[in-house]
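Listed here are the chains, written in short residue letters.
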Amino acid sequence: MQMPEPNSGVLSNKARIVARLRGVLAKDAVIDAPEETRAYECDALTAYRCPPLAAVLPASTEEVAAVLKICHEEGVPVVPRGAGTSLAGGALPTADSVILGVARMTEVLDTDYANRVIRVQTGRTNLSVTGAVEEEDFFYAPDPSSQLACAIAGNIAMNSGGAHCLKYGVTTNNLLGVTMVLMDGTVVELGGAHLDNAGYDLLGLVCGSEGQLGVVTEATLRILRKPEGARPVLIGYDSNEVAGQCVSDIIKAGVLPVAIEFMDRPCIRATEAFAHAGYPDCEALLIVEVEGSESEIDAQLGVITQIARKHDPVELRESRSAEESAKIWLGRKSAFGAMGQINDYMCLDGTIPVSELPYVLRRIGEMSKDYGLGVGNVFHAGDGNMHPLILFDANKSGDLEKCEAFGADILKLCVEVGGCLTGEHGVGIEKRDLMGTQFSDADMAAQMRVKDVFDPEWLLNPAKVFPLSASQAHRDAERDVAA
Amino acid sequence: MPSPVDEREVSDAVAGAEGPLRIVGGGTRPVGRPVAGKVLSAKGLSGIELYEPGALTIVAKAGTPLAEIEAALASANQRLPFEPSDMRRLLGRSGEPTIGGVVAANASGPRRIQAGACRDSLIGVRFVDGRGTVLKNGGRVMKNVTGYDLVKLMAGSYGTLGVLTEVAFKVLPGVEAQACVMIHGLSDVAAVAAMSKAFGSPFEVSGAAHSPAGEAGQSVTKLRLEGFADSVAYRAGKLRELLAGIGEITIEDDPDRVKAMWRDLRDVAPFHRREGDVWRISVKPSDGPAIAARAGGEALYDWGGGLVWVLVPAGTDLRARLGAFAGHATLIRASEETRGRMSVFHPEPAPVAALSEGLRRQFDPKGILNPGVMG
Ligand SMILES: Cc1cc2nc3c(=O)[nH]c(=O)nc-3n(C[C@H](O)[C@H](O)[C@H](O)COP(=O)(O)OP(=O)(O)OC[C@H]3O[C@@H](n4cnc5c(N)ncnc54)[C@H](O)[C@@H]3O)c2cc1C
């Protein structure tokens, strides 16, 4: 992975920069000893590592502003960090950067059930937002599988999704407001407990901007009342085509399940060996979950199973109790862990139009043979967000490179059939160099112009999202125009 | 009047423009500060390009009539989740609303409170920026975080950042049945509390509105339920139990009457053909009654109290009366003279205004796209 040359001026001013940061933060909130900055050298994309110049852990919006002001004056790049669970290398430092972690900012600032909003500091983990409102039977809808660990900060930066987004949407649909600090230390308030905006939708622009437009310190999130109940049905098929057709027919029938999960044979076998969930050994497995009262659930599952039966399933198992539901979900929830038991894996995240599902799965199977690397597919079928898991051996030389090339081919295929490179994990450094397959130079330039407005010196989260050659060319051109 | 029929022609028209352009779709929303300039109509860009009911997605050219889109969706028993309003009768306009105009205004009706705004359903755009460059963002799939989200930025930018040429939406299944639970005679404060209670229940309310003037001299608070028939009946009963004791409750379940009721709410029918200016105020629902009281005039509440429509005497700047509050007020209907004299959109705090201005300059460096329309 190509990264920019560290700024030697910044490296040689380390002592002064660290001293200035110590001047505005608590003593233990500035980390600069090499053995300690190591903890911040990567996120969940562990193939790439680089210790930062220093890491800081501010406790408030004011402290974040003070840090950014200093870094701005010193020309130091800043990499915002939540919990470091990004799978795209979104929080990967550069050697000349300061990691700005919000891990100490975990307070709930206001819980307002009447207006169905909660205000939190963004270091708070996703699951503990729901935890804060659970006793009143409320919840925060976006539920990434990493929700125990990941922070709202990272969720906002990546516009994270989850298994239930077919019904509830992703982060951007559940985010009502933020406090954000710009690179020069200016604090801005976007949105709030009211809906929509007075002018441009800057909140929508910030959500998913991968920490490149500002550091988000507080957020107002929509909370919802929990449904009366939820129950899944498990359906097995002998062909991916038929499973895909079943999904489409369910949707066309006017039922809106909260989740439609899909697993293919390699993934079913791996999870079965690992979790013993009692899944059938078949080509494709669907888990469809619906919500409501007992009778509403029965009615919806009735419609779904009737459609499923028309397609001649090899197995159809309707959950009748909480235990049965848990068992149906058990395999799906352990899929990543199960694949990890077999081998190292890389998790992809492209989205395709759901109608292309059978074709894409067939092509992935063919490519898997060509590359000689196994692949399992588990994904959100209702919205076309695929998660192919490519198996490789990190200790075998050349395997990682081969895996990355395979991954790139799959993502190109996703774009080719009308989809996109990433449905929820973000571009980061991982997919940076593939951006040109989805966007024209002009499309990318339009996005980079947004960056120019929010962070004219391009100090925030450098070297992510845009290919380095493209961002360099863009900035050179802007400089020429200015001169 | 340039009336391009494809993206290339839009690009040529913008690149070759020597002065300001006034971008129009159906011309049914004379919103914002009046713009002088040569009219650039998007009407020639018309037609549904892709509709996949099984994938819940539709893609159409920006000048496609909204009615055509809604008819296509209805034929597969689907719909736009955000229930776009039809402002013609409120604004005294004729013409055919286009889907591009809906996006440019981020126009969202009563279901916004449950299913999100237009911007939440919008998954892709193609547009021509002020340099004449053809750009795209998002796409035709509902989960997409590739690059910055310019889709959201374009929604509600009133043609000031680009001329939309194509838009893509996530759609939802239509419903088998609908019903309206009505509570009679509540004060504004009690009505907002009742609506909050309903939204705080698991019964999936898809609209909540309150009309103080109501019917026959009594206020009416309306809660809409949609879905499969049995489920709607079940939830209506549950809501009646939940809200028992606060006022007289009736349930309307005639589908045509329920539909008409919410169409009227969506289109702000009580203010049709009435003298005065119409403002639209977005606040935290529990702040609604206090804001309405400060505004004076006549109020209508939607979004559980979070959207307050007010009808006030013509020509005054309501914001002076409202003072500082968390939210925003937009002048929706007023004479050209009034709209030319005061800022129609709520002023943004300085650092936010600077960002907006920066974006405007990046996307429209010559300042030719609907200049000044957003103040
Ligand atoms: C096992 C596993 C399962 C996962 N499952 C899912 C899933 O189902 N759905 C999904 O969407 N993702 C999933 N992810 C990916 C990841 O958890 C999400 O991207 C998550 O939102 C990252 O949050 P974080 O707090 O860990 O952010 P980090 O990894 O710390 O950072 C992510 C990005 O956010 C930026 N950032 C962090 N804090 C701020 C801030 N305060 N202001 C501005 N920018 C900031 C960073 O610079 C970086 O670009 C999974 C990851 C793992 C390891």
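Residues numbered from 1 in each chain as written. Chains lettered and ligands numbered in written order. Predicted model: local features only at pLDDT ≥ 70, side-chain atom pairs only at ≥ 80, totals over all residues. Heavy atoms only, no water.

### Some details on the domain arrangement of chain B
Residues and elements named next belong to chain B.
Argument step 1. Here chain B is described as being made up of domain 1 (7-173), domain 2 (177-266) and domain 3 (269-341).
Argument step 2. On a C-alpha basis, the centres of domain 1 and domain 2 stand 31 Å from each other.
Argument step 3. Contacts between the two partners involve twelve residues from domain 1 and, on the opposite side, ten residues from domain 2.
Argument step 4. Together domain 1 and domain 2 conceal approximately 830 Å² of surface at their shared face, both sides included; 48% is due to carbon and sulfur atoms.
Argument step 5. For the domain 1 face of the interface with domain 2, the top three residues by lost area are P110, I113 and Q114, together amounting to 47%.
Argument step 6. At the junction of domain 1 with domain 2, the criterion picks out three salt bridges.
Argument step 7. Of the charged contacts in the structure, one is a salt bridge between R79 and E226, with a shortest N-O distance of 2.9 Å.
Argument step 8. In this assembly, domain 1 and domain 2 are joined by three residue pairs in polar contact (both at pLDDT 80 or more).
Argument step 9. In terms of residue class, the side of domain 1 that touches domain 2 is made up of four nonpolar, three polar and five charged. (Domains from an automatic or database assignment. Contact = heavy atoms within 4.5 Å. Buried area = accessible area lost by both parts, 1.4 Å probe. Salt bridge = Lys/Arg side-chain N within 4 Å of Asp/Glu carboxyl O. Polar contact = N/O pair within 3.5 Å; in protein donor to acceptor, adjacent residues only side chain to side chain. Nonpolar A, V, L, I, M, F, W, Y, C, P; charged D, E, K, R; others polar.)

### Concerning a positive patch on the surface
Argument step 1. There is a patch of like positive charges on the surface, built from R89(B), K259(B), R263(B) and R273(B).
Argument step 2. One can find R273(B) in the loop between α10 (255-266) and β14 (277-283). (Patch = residues over 30% accessible without salt bridge, like charges linked within 9 Å, V, L, I, M, F, W, Y side chains within 5 Å. Areas by Shrake-Rupley, 256 points an atom, 1.4 Å probe, with all protein chains shown as cover. Lys, Arg positive; Asp, Glu negative; His and termini not counted. Charge placed at Lys NZ, Arg CZ, Asp CG, Glu CD. Helix = DSSP H or I, 4+ residues; strand = E, 2+ residues; numbered from the N terminus.)

### As for the site of the ligand
All names here are of chain A.
Argument step 1. By nearness alone, 32 residues border the ligand, and P80, G82, T85, S146 and S160 come closest of all.
Argument step 2. Between the ligand and the protein, one listed contact pairs an oxygen atom with a backbone N or O atom of G161 at 3.0 Å.
Argument step 3. Notes on the ligand: free accessible area 990 Å², of which the protein chains cover 93%.
Argument step 4. Residue assignment for the shell around the ligand shows that the elements contributing at least two residues are β3 (78-81), α6 (152-158) and β10 (215-222). (Near = heavy atom within 4 Å.)

### Topic: the side chain of T94(A)
Residues and elements named next belong to chain A.
Argument step 1. Note that T94 resides in the loop between β3 and β4 (98-101).
Argument step 2. Assessed through its relative accessible area of 8%, T94 is described here as buried.
Argument step 3. Among the polar contacts made by the side chain of T94, one reaches the side chain of D96 at a distance of 2.7 Å.
Argument step 4. Every residue in contact with T94, bar those within four places of it in the chain, is listed here: M3, C50, P51, P52, L53, P77 and P462. (Buried < 20%, exposed > 50% of the residue type's maximum accessible area, 1.4 Å probe, protein only.)

### Section: unusual backbone geometry
Residues and elements named next belong to chain A.
Argument step 1. Despite not being glycine, R116 has its phi angle at roughly 55 degrees, a positive value.
Argument step 2. Relative to the helices and strands, R116 resides in the loop between β5 (108-112) and β6 (117-121).
Argument step 3. Accessibility expressed as a relative area gives 9% for R116, which makes it buried.
Argument step 4. Here the phi dihedral of A463 falls at roughly 70 degrees; this positive angle occurs in a residue that is not glycine.

### Quick word on empty space enclosed by the protein
Argument step 1. Throughout the structure, instances matching the rule amount to three cavities of 30 Å³ or more.
Argument step 2. A volume near 400 Å³ is recorded for the largest cavity.
Argument step 3. Along its surface, the largest cavity is lined by 30 residues, and A105(B), N106(B), A107(B), Y158(B) and R280(B) are the ones closest to its centre.
Argument step 4. Where the lining of the largest cavity is concerned, the elements lending two or more residues are α10, β14, β16 (307-312) and β17 (327-333) of chain B.
Argument step 5. Classifying every residue of the lining of the largest cavity gives 15 nonpolar, ten polar and five charged.
Argument step 6. When its volume is computed, the second largest cavity comes out at roughly 60 Å³.
Argument step 7. Contributing to the lining of the second largest cavity are I352(A), P353(A), V354(A), G382(A), D383(A), G384(A), A55(B), T57(B), R140(B), V141(B) and M142(B).
Argument step 8. Looking at the lining of the second largest cavity, its residues break down into six nonpolar, three polar and two charged. (1 Å grid on protein atoms, 1.4 Å probe; cavity = no way out; pocket = protein on both sides within 12 Å on 5 of 7 lines; lining within 4 Å. Points joined across faces, edges and corners; volume = space filled by probe spheres on them.)

### Focus: the packing of aromatic side chains
Argument step 1. A complete count under the given rule lists eleven aromatic pairs over all chains for this structure.
Argument step 2. When the ring of F139(A) is compared with that of Y168(A), the centres are 5.5 Å apart and the planes differ by 80 degrees; the resulting orientation is edge-to-face. Residue F139(A) is found in strand β7 (residues 138-139), and its partner Y168(A) is found in helix α7 (residues 165-168); the two are separated by 29 residues along the sequence.
Argument step 3. Residue F139(A) is classed as buried on the basis of its relative accessible area of 12%.
Argument step 4. Taken together, a centroid distance of 6.5 Å and an interplanar angle of 40 degrees make the contact between F127(B) and F363(B) tilted. Placement of F127(B) in strand β6 (residues 122-128) and of F363(B) in helix α14 (residues 350-363) is noted, with a sequence separation of 236 residues between them.
Argument step 5. Taken together, the aromatic side chains of W458(A), F466(A) and Y148(B) make up a single cluster linked through ring pairs.
Argument step 6. Positioned over the ring face of W303(B) is R112(B), at 5.7 Å from the centre of the ring.
Argument step 7. The aromatic ring of W262(B) is capped on one face by R224(B), whose charged end is 4.8 Å from the ring centroid. (Phe/Tyr/Trp six-rings, centres within 6.5 Å; stacked < 30°, edge-to-face > 60°. Lys NZ or Arg CZ within 6 Å of the ring centre and 35° of its normal.)

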